[in-house]
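Residue-level structural notes
One-letter residues, chain by chain:
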Amino acid sequence: MRVGRACLAGLVAALLLSACGGAGTGTARPATGDGPEKTEITVGVVPVPSAASLFIAIDKGFFKQEGLTVKTETIQAPQAVMPKILNGGIDAFLTSYVSLIAIQDSGVTKLKMLVESQQAAPGVNGVMITGDSPIKEIKDLRGKKIAVNVVKALGEVTISAHLKAAGLAPTDVSFVPVPFAEQLAALRAGRVDAAWMTEPYISAAKKDLSARLLIDTLTGPTEGLPLDGWAASAAWVSANPKTAAAFQRALGKAQKLAAADRTEIDRVVPRYTRIPADVAAKMTLATFSTSLDAARIQRVADLMSEFGLTKTKIDATALVAR
């Protein structure tokens, strides 16, 4: 249900990130030499709370400290702007791990995660049903239609994990692509039986449809799952290692601020999303990460392989810019 709620990295000399360890994203030492190869970069931003750290870093001057000027471009998913990513029109971008792994699996290009943005937390995503729905438990979803914002993405992966825990298979339900903004109408009209949502749509469903949360999809088998982060093409990272390292250091500082001070997130979210300030301040948020851990990412890759969303089993260490 995330637009991205879905998800979200080789700088061996610059970042003290182990391929499997959890080193802090903001602890790298400055790159040696005369500064970044590119001093002005364009960053693709999905308008979701996960992007808050980028705007915090801009406001606090963290990029300027690293010799970088950041321009932003609103995107919905990296797949939609892949030509720009491949030709250098977009240098770095926010992506869910599901999208990152799917692109890697497709063979279109190789990507690297630079900085992880968020990890799963309770109450962030969930399968909602109307207040008068006959569905009472997960097993009642057999044969039912579940709306997700995009098929073969985070919603489908996390729901499938919960279906498995309840003794069902993903093929026991039908995943129907319905944009977040249209899911309430689809539920009300009975075109779908349930919908995978995120805030502020969860709150709207509770208010308008007396909706109930059937599955908190970021708990249990998906507890702590990494969701998204800031990535670039492997070719770009190889060509611009000092720029990538500077980007990592600046965002790493902002991630630590976001993790420690909710008011920093609330301050910037209304600026680049359509979420009003009062709503943003009340939303349940995922956990802002301060490390980049291939072992966590491997959980996503393994789930995607298990449920047939990738052709091959991806090694997460290949996705991390160390």
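Please refer to the structure placed before this passage.
Overview of the structure. Sequence order as written defines the numbering, with residues in each chain counted from 1. Since the coordinates come from a predicted model, pLDDT governs what is reported: local features require at least 70, and pairs of side-chain atoms require 80 or more to be given and counted, while whole-chain, interface and lining totals use all residues. To get the side-chain values, take all heavy atoms of the structure and skip hydrogens and water.

Any Phe, Tyr or Trp ring, taking Trp's six-membered ring, that has another such ring centre within 6.5 Å forms a pair; planes under 30 degrees apart are called stacked, those over 60 apart edge-to-face, and the others tilted. One pass over the full model with this rule turns up three aromatic pairs. Aromatic pair F55 and Y272: ring centres 4.4 Å apart, planes at 5 degrees, arrangement stacked. On the criterion of sequence distance, the pair formed by F55 in helix 1 (residues 52-59) and Y272 in helix 10 (residues 262-272) is long-range, its members being 217 residues apart. For the pair formed by F55 and Y272, the shared burial category is buried. Segments assigned H or I by DSSP are reported as helices when at least four residues long, segments assigned E as strands when at least two residues long, and all are numbered from the N terminus. Relative accessibility under 20% of the residue-type maximum defines a buried residue, over 50% an exposed one, and the middle range a partly exposed one, all with a 1.4 Å probe and only protein chains included.

Successive side chains on a regular strand alternate, one facing one side of the sheet and the next facing the other. In terms of strand pairing, strand 6 (residues 145-148) meets strand 7 (residues 174-177) through four bridges, oriented parallel. Residue K145 lies in a different strand from strand 7, and its bridge partner there is S174. Handedness rule for crossovers: strands pointing away from the viewer, path from the first strand over the helix to the second running clockwise, crossover right-handed. The parallel pair strand 6 and strand 7 is bridged by helix 5 (residues 154-165), and the resulting crossover is right-handed. The pairing of strand 6 with strand 8 (residues 194-198) spans two bridges and is classified as parallel. A pair of strands counts as paired when DSSP detects no fewer than two bridges linking them.

We now examine the sheet that holds strand 7. With respect to topology, five strands assemble into an open sheet ordered 7-6-8-5-9, the strand pairing being mixed. Edge positions in the open sheet fall to strand 7 and strand 9 (212-216), since each of these has one partner strand only. Neighbouring strand axes in the sheet, compared pairwise and without regard to direction, differ in orientation by 35 degrees on average. Each of strand 5 (125-129) and strand 8 is contacted by helix 7 (residues 201-209), which is oriented at about 130 degrees to strand 8, the strand it contacts most. Only C-alpha atoms enter the line fits that serve as axes; for helices the fit covers just the stretch in contact. Angles between N-to-C directions range over 0 to 180 degrees. In this analysis, two residues are considered to be in contact whenever any of their non-hydrogen atoms come within 4.5 Å of each other.

On to the sheet that holds strand 11 (residues 287-288), then. By way of backbone hydrogen bonds, the strands of a sheet pair with one another, either parallel or antiparallel. The strand order across the open sheet built from six strands is 2-1-3-10-4-11, with neighbouring strands paired in mixed fashion. Where the open sheet ends on each side, the last strands, each with one partner, are strand 2 (69-74) and strand 11. For strand 1 (residues 40-45) and strand 3 (residues 92-96), the ladder comprises two bridges, and the chain directions are parallel. Residue pairing in the sheet places V43 in a bridge with A92 of strand 3.

If you trace the backbone, M283 turns up in the loop between helix 11 (277-280) and strand 11. The class for M283 is buried, based on a relative accessible area of 5%. When the C-alpha atoms of M283 and T198 are compared, they prove to be 9.5 Å apart, with 85 residues separating the residues in sequence. Not counting residues up to four positions away in its chain, the partners in contact with M283 are P49, E199, P200, R262 and I275.

So, on to the pattern of salt bridges. Whenever Lys or Arg places a side-chain nitrogen within 4 Å of a carboxyl oxygen from Asp or Glu, that contact is recorded as a salt bridge. Considering all chains together, one arrives at 15 salt bridges under this definition. E40 serves as the salt-bridge partner of K71, at 3.2 Å between the closest nitrogen and oxygen. Linking K71 in strand 2 with E40 in strand 1, this pair joins segments that are 31 residues apart in sequence. You can call K71 partly exposed: its relative accessible area is 45%. With a relative accessible area of 43%, E40 lands in the partly exposed category. Residue D59 is joined to R271 by a salt bridge in which the shortest nitrogen-to-oxygen separation is 2.6 Å. With D59 in helix 1 and R271 in helix 10, this pair connects stretches of sequence that are 212 residues apart. Residues joined by salt bridges that share partners form a network here, namely D59, K60, E264, R267 and R271.

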